[in-house]
Amino acid sequence: MTKDLSRKDTTLGDALRSKGISRRSFLKFCAATASMMALPPSMIPTIANALEKARRPSVIWLSFQECTGCTESLTRAHTATVESLIFDSISLDYHHTLQAAAGHAAEAAREAAMEENKDKYLVVVDGSIPMDNPGYSTIAGISNYDMLVDTAKHAAAIVTVGTCAAFGGIPHAKPNPTGAVAVSDIIKDKPIINVSGCPPIPVVITGVLTHFLTFGTIPDLDNLGRPKTFFGQSIHDRCYRRPFYDKGLFAESFDDEGAREGWCLYKLGCKGPTTYNACATTKWNGGVSFPIESGHPCIGCSEPNFWDGGGFYKAISIPTENLTQTAIYSAAAGAAVGVAAGTLGRIKKSAAGKAHDKVTIDDLEK
Amino acid sequence: MSASFDKGYNALKEQVDASVAAFFSSCVHCGMCSDACLFFTETGAPERTPINKTEPLRRVWQQEYTLLGRIGKIFGFGKKVTDEMLTEWETLIYDSCTLCGRCSMICPVGNDIADMIRKTREGMAASGHAPPGLIGATKRAVTIGSPMGVKLPALQAQIAHVEKDTGMTIPVDVEGADYMLLLSSMEIMNFPEFIEAVGKIFKHANVSWTIASEAFEATNSGIQIGSSDIAAELVQRIVDAAAKLKVKNVISPECGHAYMAIRWEGPNLIGKPYDFKVVHILELLDDLRQQGRLKVSGRVKDKLTYHDPCQISRRGGVIDEPRNLIAMFADNFVEMPDPGKMNWCCGAGGGVSSNERADEIRLQVFQRKKDQLDAIHVDGMISACSNCRIHLEDGLEEYHMEMPVLSLTETLAENLEDK
Amino acid sequence: MTETELLTWARGPGFQIATVIFVLGIALRIAEIVMMGRRGNLAEPKGSAMSSGLRTVFSRTVPDASTFKRSAFTVTAGYIFHIGLFVVIFLFAPHILFFKDLLHISWPALPSTVIDATSVVTIITLIVILVHRLKDPVKRFLSNFDDYLGWFVTILPLVTGYIAFHRVGMSAPSLIAIHILSVQLLMIVFPFTKLMHAFTIFLARWYNGAISGYRGVQS
């Protein structure tokens, strides 16, 4: 019997059953989630129970200076995955791109959701916030900053989706013409979970939400506010091409023999060693591949300032500026100063020679 | 006029050149030079580490000739060279160093430390910090003509003895001779057999030679004390006599630093090249050997070894010649450990033997030579420097060892074929 | 400043500053040395100063047997850490990329496991060397601030490199930034210390060989 899914008191379990998800598939999803979050198998029933009974939490999704890639990543369902169904099973009360409402009605829906679920709703943010001039990005005449502060006031927690919201992202890149900042630069008094990535991996989002729904708490975060389960390992440490790095086998260009053999892409500028994300294990597009596997070096998109990290195709160990030129000029300058100093030395020595008092046997004692 | 600190400091300033600057820039304080110096190995005193002996010169280089040092000096950084410091360094630079140059051979970064100690002595001498014994010797060398006070009559007397004993004439002041022989006071006084040996060999090989009455002294106290001015004056006497007699060559006898003085430092001291060639007696003898003009019939059966005088072999370049000559008469020759250019100093060169203050340490470090000899058990030791010979005899006596110390030239002469 | 910003700064302005001081300083000191000049030798030569000098530059690398016996530790430990340093700096792939960018030439790398092991050996050797320097009477007598500073700025990049490679303690961007900064510290300190011997040793050995070779003795 189908329940009315628009009713706010339907549970996640109801919603899933109404979509025809079997108990078996549901448990498989819980098992996969438990494994991804590095939880023991004994936790699977806990997760199952929690999700079964989870009330559809209210989620207000704020989109600021973003490209919509994060939303695209999440909602693009090649197949009807359970992830996307989970997503559907939250009460997404506000989302520019996805909602049917527009204009005043849309804003009214947001305010109503905030009031009804006071202190209980989740805020999801994608896109950075411009601080130079509010006019750079407004929604219904409301600046991003005002909307964020206003909406965050009674939120239970904030999840920043994508590097833009987490760290400033692409708008923040030099010269940062809009004065773009991250959510955490503005909101200081609410728990913030940074799910960075450009875009983030879909299952990372749902994993965070699942954690929140299961335990009602924020997962363990790293020093940049990212969930450790997904951002605790660097790409380098989980990359399947690591043995080639260790052996010293590198692709030198995009189409050479090394590249075709699938060798390490360090020399092509791979930022795997300094990037923390789940790409190497969880991969993309339902586990099909990830940039390195496709032959492109990791660009470090889940890290702050990745766009200003010295160039995507410049290896980490290469300086970002032209050192050769600096070295040549410095050598010339040094030689010039050295010759000058040496000349002074010669003058001094010559003066000492002129001041030389010939030593006779009478001069051997005082 | 007298010595003064300022004169000494100025002299040190004159001594810094590109090689000194490169050496001090490269020293990494590895201490390997101490393992090469017998004054350290036999005493264990870290301050005797060779590079430490050059500290006065190093400070002058650093504070006068490096940009960083000059800037530092303005702000009061950098240890100063003071008169007290030079006093402290006296026994290191003079008593504990013979300028043997072994340190220069092993320094891994390539420092010629002995050369730098030689340069440091310029500052020490001009500031009145040379040892009294050496000052005395130098004064005698300049005023009398010999550091031991040997005057011409003494030499003439020795020559007379030789002529009487052998019947041959020792040529003196022969104009146009090919070779002008110099003699060290040590040889004249203690080993006059050398004069006889040379006379015999030259007669045998038909060499045209002479001794100059106006400049017969080979020893150069100026080199030992470290005063280029005095050393130049002493060299000039030889140059003048050679010019007066119009000789083609000057022979440096069996004396270590005399060869360094006349052969290598000489032209640079007086500021112009010679009009004559300089040969060490061993070089000349080896030349004669190669020309087939030496006929040696005697064989020495005793087990012999050769002590390389530092200033002749390692610092002078005469290493193979003595061995070629020894091979002419020795049936049983063995090299001591570390032969040739790496041989160990006897401990008395470079002015140490003229420095009474250094008597004790001079004999203490003979232990190194003793160790070398103990390894080979020889019947006799040959050398080609009378200063080495006297000290080696002293050392052997001190350590209760019995063996003759032979002059190469004399031994060669003894074994010449009688014509 | 975020970690990536620190890393980017180290890779950017950090290297610029360090390179200027490093290269300018070295050029200055070498010019200063060479400008002092050497008087010509008026004595008649017995051998060739030029060829002897050149030969000493290389031959001084090998100590004679007797010297080695007396200074075995210094020579052995010295070679282990110098060779180890050379391997770690010049034969590690990411470093070779750095040099390729700087000098436009490249060469093959050793596997990073080999580099890892070499760095451990080098670090241990350096620690042993320090202990020896503190305990040996001659070395302790000679040693000053310059020696200990030189030791410190040499071992620091090895240790920070090892830590960065194994990603211990902090996250990768910070560790790599710290490693790069420690290299820059070495570069900045270099021209003011005895580390200059890396360059001046060629001059010193040459002069030594030339002086001795002039007299016919290969030193």
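Values in this document were obtained by computation on a predicted structure and should not be read as measured data.

Criteria and cut-off values
Residues numbered from 1 in each chain as written. Chains lettered and ligands numbered in written order. Predicted model: local features only at pLDDT ≥ 70, side-chain atom pairs only at ≥ 80, totals over all residues. Helix = DSSP H or I, 4+ residues; strand = E, 2+ residues; numbered from the N terminus. Rg over C-alpha atoms; globule rule 2.2 N^0.38 Å. Buried ≥ 20, exposed ≤ 12 C-beta atoms within 10 Å, placed from the backbone. Contact = placed C-beta atoms within 7 Å. Pairing = 2+ DSSP bridges. Axes fitted to C-alpha atoms, helices over the stretch in contact; angles between N-to-C directions. Parallel < 35°, antiparallel > 145°, perpendicular 65-115°, else oblique. Nonpolar A, V, L, I, M, F, W, Y, C, P; charged D, E, K, R; others polar. Domains from an automatic or database assignment. Core = buried A, V, L, I, M, F, W, Y, C linked by C-beta atoms within 7 Å. Expected span 1.5 Å × (residues − 1). Right-handed = clockwise from strand over helix to strand, strands pointing away.

### Here we look at the overall build of chain A
Logical step 1: If you tally the helices and strands in chain A, you get 15 helices and nine strands.
Logical step 2: Computed over C-alpha atoms, the radius of gyration of chain A comes to 30 Å, more than 25% over the 21 Å expected from 2.2 N^0.38 for 366 residues, which places it beyond the range of a compact globule.
Logical step 3: With the principal axes as the frame, chain A shows a C-alpha extent of 125 × 50 × 45 Å.
Logical step 4: Out of the 366 residues belonging to chain A, those deemed buried represent 45%.
Logical step 5: Within chain A, residue pairs in contact and separated by at least 24 positions form 70% of the contacts whose partners lie at least 6 positions apart.

### Description of the overall build of chain B
Logical step 1: The secondary structure content of chain B amounts to 23 helices and eight strands.
Logical step 2: Relative to the globule expectation of 22 Å for 419 residues, the C-alpha radius of gyration of chain B, 22 Å, shows essentially globular dimensions.
Logical step 3: Structurally, chain B occupies a C-alpha span of about 75 × 50 × 35 Å along its principal axes.
Logical step 4: Within chain B, the fraction of its 419 residues that count as buried is 61%.

### Things to note about the sheet that holds strand β8 (residues 405-407) of chain B
Residues and elements named next belong to chain B.
Logical step 1: As summarised here, the arrangement of the four strands in space is β6-β5-β7-β8, forming an open sheet in which the pairing is parallel. One side of each edge strand has no neighbouring strand; the edge strands of this open sheet are β6 (330-333) and β8. When strand polarity is set aside, the average angle formed by the axes of neighbouring strands in this sheet is 45°.
Logical step 2: Sheet topology note: the strand β7 (residues 380-383)/β8 ladder contains three bridges and is parallel. The residue of β8 that forms the bridge with M381 is V405.

### Concerning the packing of helix α2 (residues 18-26) of chain B against helix α6 (residues 55-65) of chain B
All names here are of chain B.
Logical step 1: Their axes nearest at 10 Å, the elements α2 and α6 cross at an angle of 100°. In this view, α2 runs roughly perpendicular relative to α6, as classed from their interaxial angle. Residues V20, A21 and F24 of α2 form the contact with α6, whose own contacting residues are L57, R58, W61 and Y65.
Logical step 2: Here the contact of α2 with α6 is composed, by residue class, of six nonpolar, no polar and one charged.

### So, the domain arrangement of chain B
Residues and elements named next belong to chain B.
Logical step 1: Entries for chain B in the domain assignment read domain 1 (5-129), domain 2 (135-289) and domain 3 (297-414).
Logical step 2: In this structure, domain 1 and domain 2 have C-alpha centres spaced 32 Å apart.
Logical step 3: Contacts between the two partners involve six residues from domain 1 and, on the opposite side, four residues from domain 2.
Logical step 4: Residue composition of the side of domain 1 that touches domain 2, by class: three nonpolar, no polar and three charged.

### Details of unusual backbone geometry
Residues and elements named next belong to chain A.
Logical step 1: Following K174, the chain continues to P175 via a peptide bond in cis, the omega torsion being 0°.
Logical step 2: For P175, the location among the structural elements is in the loop between α8 (163-167) and β8 (180-181).
Logical step 3: Residue C198 is joined to P199 through a cis peptide bond whose omega torsion reads 0°.
Logical step 4: Examined against the element boundaries, P199 turns out to sit in the loop between β9 (192-195) and α9 (202-215).

### Topic: the sheet that holds strand β3 (residues 249-252) of chain B
Residue and element names in this part refer to chain B.
Logical step 1: Read across the sheet, four strands follow the order β2-β1-β3-β4 without closing on themselves; strand pairing throughout is parallel. Either end of the sheet is taken by a strand with one partner, and the two such strands are β2 (209-211) and β4 (277-280). Strand-to-strand twist of the sheet, defined as the mean angle between neighbouring strand axes without regard to direction, takes the value 30°.
Logical step 2: Together, β3 and β4 form the strand contacts of helix α17 (residues 256-270), whose direction differs from that of β3 by roughly 155°.
Logical step 3: On top of the sheet, helix α18 (residues 281-290) reaches β3 and β4; it is set at about 85° to β4, its chief contact.

### Overview of the nonpolar core
Logical step 1: Within the largest apolar cluster, 262 residues are counted, with the highest numbers of intra-cluster contacts made by V123 and V125 of chain A together with M180 of chain B.
Logical step 2: Sorting elements by how many residues they give to this core places helix α1 (residues 3-35) of chain C first, with 13 residues.
Logical step 3: Contacts of V123 of chain A, omitting those with residues within four sequence positions, involve I60, L62, T151, A152, A155 and I158 of chain A.
Logical step 4: Within the second largest apolar cluster, ten residues are counted, among which are L12, F29, C30 and A54 of chain A.

### Let's talk about the interface of chain C and chain A
The accessible area lost on association of the parts is a frequent measure of interface size.
Logical step 1: On the chain A side, the residues contacting the 41 residues of chain C number 44 residues.
Logical step 2: Contributing elements (two or more residues each) for the side of chain C that touches chain A: α1, α5 (93-103), α6 (112-135) and α9 (172-189) of chain C.
Logical step 3: The greatest single-element share of the side of chain C that touches chain A, amounting to 21 residues, is contributed by α1 of chain C.
Logical step 4: Residues that form the side of chain C that touches chain A fall into these classes: 23 nonpolar, twelve polar and six charged.

### Examining the domain arrangement of chain A
Residue and element names in this part refer to chain A.
Logical step 1: As assigned here, chain A comprises domain 1 (12-231) and domain 2 (233-344).
Logical step 2: Summarising the inter-unit geometry, the C-alpha centres of domain 1 and domain 2 are found 32 Å apart.
Logical step 3: Contacts between domain 1 and domain 2 engage 16 residues on the former and 13 residues on the latter.
Logical step 4: Looking at the side of domain 1 that touches domain 2 residue by residue, the classes come out as nine nonpolar, six polar and one charged.

### Considering the interface of chain B and chain A
Logical step 1: The partner chain A presents 17 residues to the 23 residues of chain B that form the contact.
Logical step 2: At the level of elements, α1 (5-15), α6, α10 (113-126), α11 (132-143) and α16 (228-245) of chain B are the ones that each hand at least two residues to the side of chain B that touches chain A.
Logical step 3: Looking at the side of chain B that touches chain A residue by residue, the class counts come to eleven nonpolar, six polar and six charged.

### Some details on α10 of chain B
All names here are of chain B.
Logical step 1: Between its first and last C-alpha, α10 extends 20 Å over 14 residues, near the 20 Å set by a 1.5 Å rise per residue.
Logical step 2: Counting buried positions over the 14 residues of α10 gives 14, a clear majority of the element.
Logical step 3: Count one or two residues on from α10 and you reach G128, which has phi positive near 80°.

### Overview of the pairing of β7 of chain B
Along a regular strand, successive side chains alternate from one face of the sheet to the other.
Residues and elements named next belong to chain B.
Logical step 1: Relative to β7, strand β5 (residues 300-307) runs parallel, the two being bridged by four bridges. Along β7, the bridge assignment pairs Y306 with I382.
Logical step 2: In this fold, the crossover linking β7 to β8 by way of helix α22 (residues 386-398) has right-handed handedness.

### Points about the environment of V28 of chain B
Residues and elements named next belong to chain B.
Logical step 1: Within the fold, V28 resides in the loop between α2 and α3 (32-36).
Logical step 2: C-beta crowding within 10 Å serves as the criterion here: with 22 such atoms nearby, V28 is assigned to the buried category.
Logical step 3: Spatially, the C-alpha atom of V28 lies 8.0 Å from that of V109, the residues being 81 residues apart in sequence.

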